[in-house]
Amino acid sequence: MKKVILLSGIAVITLLLTGCDGNVTRDLRHAGFSLSTEEFKCSTLLPASEDSKPTDTILYSNGSYAITDDGKLYELSLSQPYSNNENCKKISFSVKVIAYMDDNILKGEDNKFYYAPGTTSTQPLTKVTTNDSNYQLYTLLLGGQQVKKVITVDSNAGIYYALEDDGNVYKYTMTRQDYNAPYTISEKVPVYKKSEYGEIIDFNYAGDSSATYIKTKTKIYRMKATNEEECTKYADVACKYKIKLDETLTEYNNTKKIIYYGPNLLLTDYGKQFTVGS
């Protein structure tokens with residue numbers, strides 16, 4: 001009888017845990033995220049148990065590689081696992097990554113720039129030299145110790161957004177007299193302010209898209225249509241967008257059910273992958 005009771009208790013606990021995770025999946029789907037049929041297995045990036053933390057915490061991922069908070073790099077395969085039967089594999093790179101631009105340029109602790117994994121035009125993890133036509137641009141945007149992340153908004157207009165260690169995101173405007181002249185910073189103004197959102201630790205800009213977000217230490221904001229019901233129903237009603245607090249993401253991020261949220265990917269602590277839609 002004791003054995004039956006014990007087994008029944010285990011079954012109830014399993015159902016409760018499964019139900020909890022199922023609620024998270026349901027809520028994220030209702031919030032507009034697409035659930036992948038593939039699981040995410042990675043012993044270093046997923047917590048070993050409910051009471052533990054991942055060995056390394058993801059700071060950024062574009063789906064093909066990830067940067068962790070402590071500057072390590074991982075190769076990712078979100079469909080087929082690697083030969084280690086996991087969806088991640090540590091990249092052997094001796095330099096700690098301390099900042100990055102878009103998904104193609106990394107800045108090392110040695111204050112040098114490197115081409116990110118997955119870069120098609122050049123060999124990944126090789127140094128960016130002065131022969132690169134954008135070397136001076138990288139120096140101006142990523143050169144300062146205070147800059148943590150840079151997103152290209154409009155390269156033709158010379159507009160870039162940069163997260164700095166003071167918790168603000170700044171708009172940089174770069175100009176030059178002609179193609180052969182050096183770049184100069186003609187304007188630097190705050191675009192997402194710590195005083196309005198709280199201390200910002202991550203962000204992305206993708207125009208009027210839910211891939212535009214602001215992440216603080218306690219909250220996640222997403223770009224949303226303020227008149228979604230009308231603009232999705234009527235062809236002659238244009239959608240109006242605003243960055244708004246996402247209560248679902250904030251709740252599950254604060255309870256650690258979301259272990260990573262980025263421009264294209266959301267990962268849960270129970271190994272589910274979600275696509276961040278537009």
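Located above this text is the structure these notes cover.
About the cut-offs
Residues numbered from 1 in each chain as written. Predicted model: local features only at pLDDT ≥ 70, side-chain atom pairs only at ≥ 80, totals over all residues. Heavy atoms only, no water. Helix = DSSP H or I, 4+ residues; strand = E, 2+ residues; numbered from the N terminus. Contact = heavy atoms within 4.5 Å. Areas by Shrake-Rupley, 256 points an atom, 1.4 Å probe, with all protein chains shown as cover. Lys, Arg positive; Asp, Glu negative; His and termini not counted. Charge placed at Lys NZ, Arg CZ, Asp CG, Glu CD. Buried < 20%, exposed > 50% of the residue type's maximum accessible area, 1.4 Å probe, protein only. Pairing = 2+ DSSP bridges. Polar contact = N/O pair within 3.5 Å; in protein donor to acceptor, adjacent residues only side chain to side chain. Axes fitted to C-alpha atoms, helices over the stretch in contact; angles between N-to-C directions. Salt bridge = Lys/Arg side-chain N within 4 Å of Asp/Glu carboxyl O.

**Q** I'd like to hear about the overall build of the chain, residue by residue, with values.
**A** Within the chain, the secondary structure is distributed over five helices and 19 strands. Each of the three principal axes of the chain carries a C-alpha extent, and together these read 85 × 50 × 35 Å. Long-range contacts, defined here as pairs at least 24 residues apart, represent 41% of the contacts in the chain between residues at least 6 apart. About 15300 Å² of surface is accessible on the chain, with carbon and sulfur atoms providing 49% of the total. Positive and negative charge centroids in the chain, built from 32 and 34 side chains respectively, lie 4 Å apart.

**Q** I'd like to hear about the pairing of strand E7 (residues 105–108), residue by residue, with values.
**A** Because side chains alternate across E7, one face comprises the buried residues Ile105 and Lys107, and the other comprises Leu106 and Gly108, equally buried. Here strand E6 (residues 97–101) runs beside E7; their pairing, made up of four bridges, is antiparallel. Paired with Ala99 across the strands is Lys107, a residue of E7. Where E6 hands over to E7, the hairpin turn is made up of three residues, of which Asp102 adopts a positive phi near 50°. Pairing geometry for E7 and strand E8 (residues 113–115), over three bridges, is antiparallel. By the bridge assignment for E8, Leu106 is matched with Tyr114. Hairpin connection from E7 to E8: four residues lie between these consecutive antiparallel strands, with Asn111 at a positive phi of about 65°.

**Q** Pulling in residues and values, what's your account of the side chain of Lys257?
**A** The residue Lys257 is located in the loop between helix H5 (247–254) and strand E17 (258–261) in this model. Among the polar contacts listed, one links the side chain of Lys257 to the side chain of Asp21, at a separation of 3.0 Å. Those residues within four positions of Lys257 in sequence are excluded, and the remaining contacts are Asp21, Val24, Tyr252, Leu267, Thr268, Asp269 and Tyr270.

**Q** Talk me through H5; I want residue IDs and the actual numbers.
**A** The α-helix winds at 3.6 residues per turn, so residues separated by three or four positions along the chain end up facing the same way. Among the residues of H5, Leu249, Thr250, Tyr252 and Asn253 are the ones counted as buried. At the N-terminal end of H5, a side-chain oxygen is found 3.2 Å from the backbone nitrogen of Thr248, two or three residues along, and the residue is Asp246. Count one or two residues on from H5 and you reach Lys256, which has phi positive near 70°.

**Q** Describe unusual backbone geometry, and please don't skip the residues or the numbers.
**A** In this structure, Asp102 takes a positive phi of about 50° despite not being glycine. Accessibility expressed as a relative area gives 22% for Asp102, which makes it partly exposed. With a phi close to 70°, Lys256 is a non-glycine residue in the positive phi region. Tracing the backbone through its elements, the reader meets Lys256 in the loop between H5 and E17.

**Q** Can you explain the sheet that holds E7? Please cite residues and give values.
**A** Spatially, E8-E7-E6-E9-E10-E11-E12 is the arrangement adopted by the seven strands of the open sheet, whose pairing is mixed. A single partner strand is all that each edge strand has here, and the edge strands are E8 and strand E12 (184–192). With strand direction ignored, the average angle separating the axes of adjacent strands in the sheet is 25°. Here strand E9 (residues 147–154) pairs with strand E10 (residues 159–164) via six bridges, running antiparallel. Bridge pairing links Val147 to Glu164 in E10.

**Q** Can you tell me about the pattern of salt bridges, naming the residues and giving the values?
**A** Per the counting criterion, the structure on display carries 11 salt bridges. Between Glu39 and Lys272 there is a salt bridge, with the nearest N and O atoms lying 2.7 Å from each other. Here the residue Glu39 occupies a position in strand E1 (residues 34–39), and Lys272 occupies one in strand E19 (residues 272–275), the gap between them amounting to 233 residues. Judged by relative accessible area, Glu39 falls into the partly exposed class, the value being 33%. The partner of Asp202 in a salt bridge is Lys149, with the nearest N and O atoms 2.7 Å apart. Of this pair, Asp202 sits in strand E13 (residues 200–204) while Lys149 sits in strand E9; the two residues are 53 residues apart in sequence, bridging distant segments of the chain. Across this residue pair, the class does not change: Asp202 and Lys149 are buried. One salt-bridge network, in which partners are shared between bridges, spans Asp21, Lys257 and Asp269.

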